[in-house]
Amino acid sequence: MTIKNLTKRYETGVGVEGLNLEIRDGEFFILLGPSGCGKSTTLLCVAGLLRPNSGEIWLGDKLVTSVERDIYVTPQKRGVAMVFQDYALYPHMTAFGNIAFPLQVSGKSKPEVETRVRKAAESLGISQLLDRKPKQLSGGQRQRVALGRAIVREPEVFLMDEPLANLDAKLRVHMRAELKNLHQKLGTTTLYVTHDQVEAMSVGDRIAIQKDGILQQVGTPEDVYDRPRNMFVGGFIGSPAMNMLEGNLVKKDGNVEVDLGISAFELPNRTKEAVKEAKRSEVVLGVRPEHTTITKHQKNAIEANVSFVELIGRELHVHLTAREEPLVAIAEPTERLEVGQQVWLAFDKSKIHIFDKETEEALI
Amino acid sequence: MTFPKPERITLYILLAFFIFTSVLPLWTCIMTSIKTAQDVIYTMPLEPPSSPTLDPMMQAFDIMKRPLLNSFAFTIFATILSCTLGSTNGYILAKIRFRGSEVVFLLLAIGIFIPYQTVLIPLVMTISKLGLYNTIQGLILTHTAYGIPICTLLFRSYYEDIPESLMRAAKTDGAGTWTTFRRIVLPLSSPMFAVAGVFQFTSIWNDFLFGLVLARGTDALPASVALANLKGTTTAFWNVQMAGAWWYALPVVIIYLILGKYLIQGYMAGAIKG
Amino acid sequence: MNLEKDDMYTLLVFLPSLMLVGYFVYASIGWNVIVSLSDWKGLSPSYNIVGLAQYVSLTHDPVFWISLQNNLLLIALFVPGSLLLGLFLAILLSARVRAESTFRTIYLLPFALSFVITASLWAWMYNPSIGVINTLFAAIGLGFLRSGWSTNSSIAIYSIILALIWQFSGYTMLVFLAGIRSIPESQIMAARVDGASGLGLYRRIIIPQLKFPAMAAFVVLMVFALKAFDFIFILTDGGPGYSTYVLPLMMYRETFSMTHFAYGAAVATLLFAVVMVVVVPYLYLSSRRTKA
């Protein structure tokens, strides 16, 4: 799938602006971002349910949307299957009827419809539910019927719009695994929209992060986690969120340091080249809570006070305040810490990110 | 809302009073329609007859037989036609976004409110030119045409409540506009057909003006006009008149008692949706 | 949204309805206006345009002024009367009443009936000699309240208004009841905790929120006050004398009894204009509101 320069503007604001994406055959590709970032808009344009203001969309080698060349293929003819957030099941039909519908519309023979529907139902474990109507099914069951309706057509592309958002937490985790399984079995190219970064990281082959209609970064889960391209991506991926501290780049004794006011951080050698290019000296230092350690006073550490502590089963989330700003650190559950206690927070040097304060782009 | 004890008594007294006022006309109607002419003059209208008789009822029925049949004929046909057109129109206005659909809707909405006197003269001329004066078909055409706006409004507001995702799902599943209508939207429309159907039936059945102006002769005389004629004549005394009113009211009363909730929804649609 | 070929066929389906409504409503209105500008009198149509002559004649016609006055009386008395009675009934029923749906069904029944029926009923009730109202008053010792009702020219129009209020109060009750019921229970509870109760609760919390349903019912009633024909035709036919004439009735008589087609058309056009003045702002406002 190729998306070129896709732009869709709404009366209330921009949906998507100048989006360019290459999605590989068989990939499980995620569109991630906060609400209003343009991910659903993009999906609907790919489906053909929305017509963009400009840009082109290719499905395989077929050009399905092109504003410039005035080409537009209707959703019915695109060979895409879609799963909606509210499942969009036809309330007056049984589960069987729902799954059979796309086949019936394309004129398949009754016996063929019968076999294909049963096959799809079996692969999803809902064979015994086929006689029921949507209102007689639970959330998870309805979701599977919606999936059934999508896979029964054996389409070229799956489009999924936050399909797990309406399920309770436990079910969501379970369905995530099921979806991944399904994808491995069928190998169909999938475009998946979500606002949940945990979900994106766990099921996606590659992730495209969007904000306010603009693409921020594309990459594998490791890419976006280890090498966020800007402050937004850094702060969006990972939970608890990355700690951000403002400071200044200072040259000292041939090294470059980040002066955080209360202490200075020496930057690792590998970064010196990148930092030399820096246009400004005002920067933001980012470091993930999982890359910090609570220790005693040492170099390259920052003084902080414990404000409160959360025990999350296998880890301790320590909330601290330094320079009046909140920080989060992760520690072993066995650590003994008291509110108000003064500690030193050390950062893993190899895992620091420096962002230009103004452009918010990563320098290292 | 809870009221303290003494006020609850007043509450029920008031409610009972209004029951009395609501029912009074209907009660006197029924009583009068089973009285002989003597009884009508000499007994109180509220009292039951000393010697009840079904005579007035039979007389009235005899007079109203044909008009009642006429009314049934054009009412049923016009109801079916206007509801069918209303549902397709409502679907188009609600689900197919096109420029000017709001304007079209507004124009139709105005059609609901116009006083029919405003179009009476052209209407009479049109119907007679079409050779449909004094015919059931003429009445069917008229009632259908003037019923389209309200039916469209009813269906449109109903269809707007169908989630867009359902339409999108049908589209990606390969269904075109009319396949979607036939297989998804229509099956979901039965409640609204009930509402529109009941509302249209009572409106058309209750109509008087069009009948008066377009169908005076016996061929297509509606029951409403026949009843009015009954009042005008000196030969039909009060008991026959009341019996006639009773026959004419019967279908609507039955519908009201059995399918009343649909009728109420129809009345509300105008109020809430505006 | 751009149109697809599929949608083009769709509009074809729309066309017959649009044509029917376009012709029977809008073209007819236009035609009527043209007739009102002509001098058509008698059975054969004549389309000599005489400008506003018919309208000018109207202003000199005492029947016109009586009709207009009666319509205004209807607006002034029937509309508020129905609204108030309906509101009152709705408030009564909103107090958890046993057998509420039975009460509701009975109160609303008159509204479902045809005007021909209700006019016949009231004609019988209003009969001065043996009608139920006068005989009832006599029987309970209120004989002095007896009157000619709809046969008495000075109070006939009020008798009509009373009967119409009777018929419409079920409808306004319905509208207000729905409005009251749509106020979230949590608001009522919050108000009661804040100290409001009984009348105060109604006055300050509930009634102010009934603005929208009231407006909708108001428009319906207003339009009816202007176009009421069936009921008055049957009950009094404008009489005694001309005391209960209203504009729609005048239009009918002029056109169909006296064949003054152009003159009748002028009345009809005026009627249309007045109704539009009431309806169009309301439709415009409410479509704005649903868009917002």
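Residues numbered from 1 in each chain as written. Chains lettered and ligands numbered in written order. Predicted model: local features only at pLDDT ≥ 70, side-chain atom pairs only at ≥ 80, totals over all residues.

### With respect to the overall build of chain C
Helices and strands together make up the secondary structure of chain C, namely 13 helices and zero strands. Along chain C, helices (α) and strands (β) appear in the sequence α-α-α-α-α-α-α-α-α-α-α-α-α when read from the amino end. Along the three orthogonal principal directions, the C-alpha set of chain C runs to about 70 × 70 × 30 Å. The buried share of chain C, taken over its 292 residues, is 46%. The long-range share in chain C, meaning contacts at least 24 apart out of those at least 6 apart in sequence, stands at 69%. (Helix = DSSP H or I, 4+ residues; strand = E, 2+ residues; numbered from the N terminus. Buried ≥ 20, exposed ≤ 12 C-beta atoms within 10 Å, placed from the backbone. Contact = placed C-beta atoms within 7 Å.)

### Notes on the sheet that holds strand β2 (residues 13–22) of chain A
Pairing between sheet strands relies on hydrogen bonds along the backbone, with the strands arranged either parallel or antiparallel. All names here are of chain A. If you trace the five strands from one edge of the open sheet to the other, you get β2-β1-β4-β5-β6, paired in antiparallel fashion. Unpaired on one side and paired on the other, β2 and β6 (71–72) mark the two borders of the sheet. In this structure, strand β1 (residues 2–10) lies alongside β2, joined through six bridges in antiparallel fashion. Bridge pairing in β2 links L6 to L19. (Pairing = 2+ DSSP bridges.)

### Considerations on the domain arrangement of chain A
Residues and elements named next belong to chain A. According to the domain assignment, chain A contains domain 1 (2–235) and domain 2 (244–356). The distance between the C-alpha centroids of domain 1 and domain 2 comes to 39 Å. On the domain 2 side, the residues contacting the five residues of domain 1 number five residues. Looking at side-chain class alone, the side of domain 1 that touches domain 2 contains two nonpolar, three polar and no charged residues. (Domains from an automatic or database assignment. Nonpolar A, V, L, I, M, F, W, Y, C, P; charged D, E, K, R; others polar.)

### Examining the interface of chain C and chain B
Taken together, the contact pairs 78 residues of chain C with 76 residues of chain B. For the side of chain C that touches chain B, the leading source of residues is helix α1 (residues 5–36) of chain C, giving 15 residues.

### Points about the confidence of the model for chain C
For any part of a model where pLDDT is low, the fine detail of the predicted coordinates should not be relied upon. The predicted model of chain C averages 86 in pLDDT, with 96% of residues at 70 or higher. Two summary scores accompany this predicted model of the complex, namely pTM at 0.83 and ipTM at 0.88. (pLDDT = per-residue confidence, 0-100.)

### As for unusual backbone geometry
A:P240 follows A:S239 through a cis peptide bond whose omega is 0 degrees. Counting through the fold element by element, A:P240 comes out in the loop between α8 (231–236) and β12 (243–252). Even without a glycine there, the phi angle at C:A99 is positive, about 60 degrees. Counting through the fold element by element, C:A99 comes out in the loop between α3 (62–94) and α4 (100–112).

### As for the packing of helix α2 (residues 95–105) of chain A against helix α3 (residues 110–124) of chain A
Residue and element names in this part refer to chain A. Relative orientation of the contacting elements α2 and α3 amounts to 130 degrees, with a least axis distance of 10 Å. Taken together, α2 and α3 sit at an angle that is classed as oblique. The chirality of how α2 crosses α3 is right-handed. Mapping the contact onto sequence places F96, I99, A100, L103 and Q104 in α2 and V113, R116, V117, A120 and A121 in α3. For the contact of α2 with α3, the residue count by class is eight nonpolar, one polar and one charged. (Axes fitted to C-alpha atoms, helices over the stretch in contact; angles between N-to-C directions. Parallel < 35°, antiparallel > 145°, perpendicular 65-115°, else oblique. Left-handed = near helix turned anticlockwise from the far one by under 90°.)

### Quick notes on the sheet that holds strand β8 (residues 157–161) of chain A
Residues and elements named next belong to chain A. One open sheet accounts for six strands, arranged β7-β8-β9-β3-β10-β11; its pairing is mixed. Edge strands, defined here as strands with exactly one partner in the open sheet, are β7 (80–83) and β11 (214–219). The mean inter-strand angle of the sheet, taken between neighbouring strand axes irrespective of direction, is 15 degrees. The pairing of β8 with strand β9 (residues 189–194) spans five bridges and is parallel. Note on β9: the bridge partner recorded for M160 is Y192.

### What about the packing of α3(A) against helix α4 (residues 139–151) of chain A?
Residues and elements named next belong to chain A. Where α3 meets α4, the closest approach of the two axes is 9 Å, and the angle between their N-to-C directions is 135 degrees. Considered as vectors, α3 and α4 are oriented oblique to each other. Crossing geometry of α3 relative to α4 is assigned as right-handed. Contacts between α3 and α4 involve A120, A121 and L124 from the former and R144, L147, G148 and I151 from the latter. Residue classes in the contact of α3 with α4 are distributed as five nonpolar, one polar and one charged.

### Digging into the environment of B:I127
All names here are of chain B. Along the polypeptide, I127 turns up in helix α5 (residues 117–129). With 22 C-beta atoms packed within 10 Å, I127 lands in the buried category. Excluding residues that lie within four positions of it along the chain, I127 makes contacts with L132, Y133, G138, T142 and L214.

### Examining the environment of A:Y10
Residue and element names in this part refer to chain A. Take Y10: it is sitting in strand β1. Taking the number of C-beta atoms within 10 Å as the measure of exposure, Y10 has 12 and is therefore exposed. Residues Y10 and P52 lie 42 residues apart in sequence; the distance between their C-alpha atoms is 9.8 Å.

### Quick word on the nonpolar core
Core analysis: the largest hydrophobic core is formed by 273 residues, its most contacted members being B:L154 and C:L221. When residues in this core are grouped by element, the largest group, 16 residues, is from helix α7 (residues 156–181) of chain C. (Core = buried A, V, L, I, M, F, W, Y, C linked by C-beta atoms within 7 Å.)

### Examining helix α4 (residues 101–113) of chain B
Taking 1.5 Å per residue as the helical rise, α4(B) with its 13 residues ought to reach 18 Å, and the 19 Å between its terminal C-alpha atoms agrees with that figure. All of the buried residues along α4(B) are B:F105, B:L108, B:A109, B:G111, B:I112 and B:F113. (Expected span 1.5 Å × (residues − 1).)

### As for the pairing of strand β20 (residues 342–347) of chain A
All names here are of chain A. Looking at chain direction, strand β16 (residues 292–295) and β20 are connected through four bridges and run antiparallel. Following the sheet pairing, T295 is matched in β20 by W344. Sheet analysis places strand β17 (residues 301–312) next to β20, joined by five bridges and oriented antiparallel. When the sheet's bridge partners are listed, N305 is paired in β20 with Q342.

### Quick notes on the pairing of strand β10 (residues 206–211) of chain A
Residue and element names in this part refer to chain A. Across four bridges, the pairing between strand β3 (residues 28–32) and β10 is parallel. When the bridges of β10 are listed, L31 appears paired with A208. Sheet topology note: the β10/β11 ladder contains five bridges and is antiparallel. Across the sheet, Q210 pairs through a bridge with L215, a residue of β11. Hairpin connection between β10 and β11: a loop of two residues separates the two successive antiparallel strands, and D212 in this loop has a positive phi of roughly 50 degrees.

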